[in-house]
Amino acid sequence: MHKTLTFTDHLRLIDERSTAFRAAVAAAPSLDVPVPSCPGWTLFDLVQHLGMGRRRSAAIVAAGPADAPPEKSAWDDGAGAPRERDALLAWWTESVERLTSGLSEAGPDRGCWTWWGDSQSPEASGAWARRQVPEIAVHTYDAQLAVGDPEPLPDEVALDGFDDCQFTLCSTDVAWPHEPAVVDYYATEGRSWRLRLSRDGARAARLGAPAASEDLDPDTAHTSARGTASDLVLFFYGRIQLDSPKLELDGDRRVFDQLIAWDPSA
């Protein structure tokens, strides 16, 4: 029986991963060190990107129900992040505090604009809170990699994060432009997912879940990937490649190639 994380859990994990991110930045020999997993970026660029993203998310949640995100002036004063390390770390802390205080004030059920309106996730502040966790966690991995000592994503973060990747980032009503396919993912921690790709789009399900009682026989999948939940998330975000020894692939690899290349928003 796997724990379903709550809104309170997501706020806690935002704080935990943000603290780990800060620690990696503080330990770096320089803010100019390159980030191997983000080609062309320095560690400073990574902090500015992640901090601005948290400020934007906070402004979206604060705005409540809307047909579009708030104007950039609501979250960006144009000054950017400071380049001196102590000031940058303080700016990062303030960015996270804006996010967590805004989410706490909103609670999990406030309607707000999202860019995942055609997915299986709700357009609400609780979904924004959940979305923050893998975003910050993966960029924490990036920062640790830049310093030279990356750590796997914690199990709790990775299991919930990969679930969110499937239901928020993968699911869509946009028609799959190839032959229909079924992709299964198996985390070694004991959870698994199925993604169905067809003219109706992409729909995610948890393997074995009562709410997904349609044909979930693993033998019907066209392809599958197995690895730790952390490695599955890092694969999804392009930090681990398809040919990595950390992943066990089965079936038609071409489906993964098609899925990686697919951009439903194009």
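The preceding data block contains the structure.
First things first, this report covers the structure right here in the doc. Nothing here was measured: the structure is a model prediction, and the numbers come from that model.

**Quick word on the sheet that holds strand S1 (residues 181-187)**
Next, step 1: Within the open sheet, the five strands sit side by side as S3-S2-S1-S4-S5. Their pairing is mixed. Where the open sheet ends on each side, the last strands, each with one partner, are strand S3 (201-206) and strand S5 (248-251). Strand-to-strand, the axes of this sheet are offset by a mean angle of 15°, without reference to chain direction.
Next, step 2: Relative to strand S4 (residues 223-227), S1 is paired through five bridges, and the arrangement is parallel. Along S4, the bridge assignment pairs Tyr185 with Ala225.
Next, step 3: Strands in contact with helix H5 (residues 155-170) are S1, strand S2 (192-198) and S3; relative to S2, the strand with the most contacts, it is inclined by about 15°.
Next, step 4: Against the sheet, helix H6 (residues 229-236) contacts S1, S2 and S4, and its axis sits at roughly 135° relative to S1.

**Brief notes about the packing of aromatic side chains**
Next, step 1: For the coordinates displayed, the defined rule picks out nine aromatic pairs.
Next, step 2: Aromatic side chains Trp115 and Trp116 sit 5.0 Å apart centroid to centroid with 85° between the ring planes, which places their arrangement in the edge-to-face category.
Next, step 3: Take Trp115: its relative accessible area is 43%, and that puts it in the partly exposed class.
Next, step 4: An aromatic cluster is built from Phe162, Tyr185, Trp193, Phe235 and Phe256, whose rings are joined through pairwise contacts.
Next, step 5: Taking the ring centre of Phe44 as reference, the NZ or CZ of Arg83 above it sits at 4.0 Å.

**Considering the pairing of S2**
Next, step 1: Most of S2 sits inside the fold, with five of its seven residues counted as buried.
Next, step 2: The antiparallel hairpin formed by S1 and S2 contains four residues in its connecting segment, where Gly190 sits at a positive phi of about 110°.
Next, step 3: The sheet contact formed by S2 and S3 spans six bridges and is antiparallel. Within S3, the position partnered with Arg194 by the bridge is Ala205.

**Digging into the pattern of salt bridges**
Next, step 1: In total, this model carries 18 salt bridges according to the counting rule given.
Next, step 2: One salt bridge in this structure joins Asp163 and Arg130, with 2.8 Å as the shortest N-O distance. Of the two residues, Asp163 sits in helix H5 while Arg130 sits in helix H4 (residues 125-147), which places them 33 residues apart along the sequence. Taken individually, Asp163 and Arg130 each receive the classification buried, so the pair is uniform in this respect.
Next, step 3: One salt bridge connects Asp252 with Arg254, and the closest N-O pair in it is separated by 3.0 Å.
Next, step 4: Judged by relative accessible area, Arg254 falls into the exposed class, the value being 58%.
Next, step 5: Each of Arg130, Arg131, Glu135, Asp160, Asp163, Asp164, Arg191 and Arg206 takes part in a single network of salt bridges with overlapping partners.

Thresholds applied
Residues numbered from 1 in each chain as written. Predicted model: local features only at pLDDT ≥ 70, side-chain atom pairs only at ≥ 80, totals over all residues. Heavy atoms only, no water. Pairing = 2+ DSSP bridges. Helix = DSSP H or I, 4+ residues; strand = E, 2+ residues; numbered from the N terminus. Axes fitted to C-alpha atoms, helices over the stretch in contact; angles between N-to-C directions. Contact = heavy atoms within 4.5 Å. Phe/Tyr/Trp six-rings, centres within 6.5 Å; stacked < 30°, edge-to-face > 60°. Buried < 20%, exposed > 50% of the residue type's maximum accessible area, 1.4 Å probe, protein only. Lys NZ or Arg CZ within 6 Å of the ring centre and 35° of its normal. Salt bridge = Lys/Arg side-chain N within 4 Å of Asp/Glu carboxyl O.

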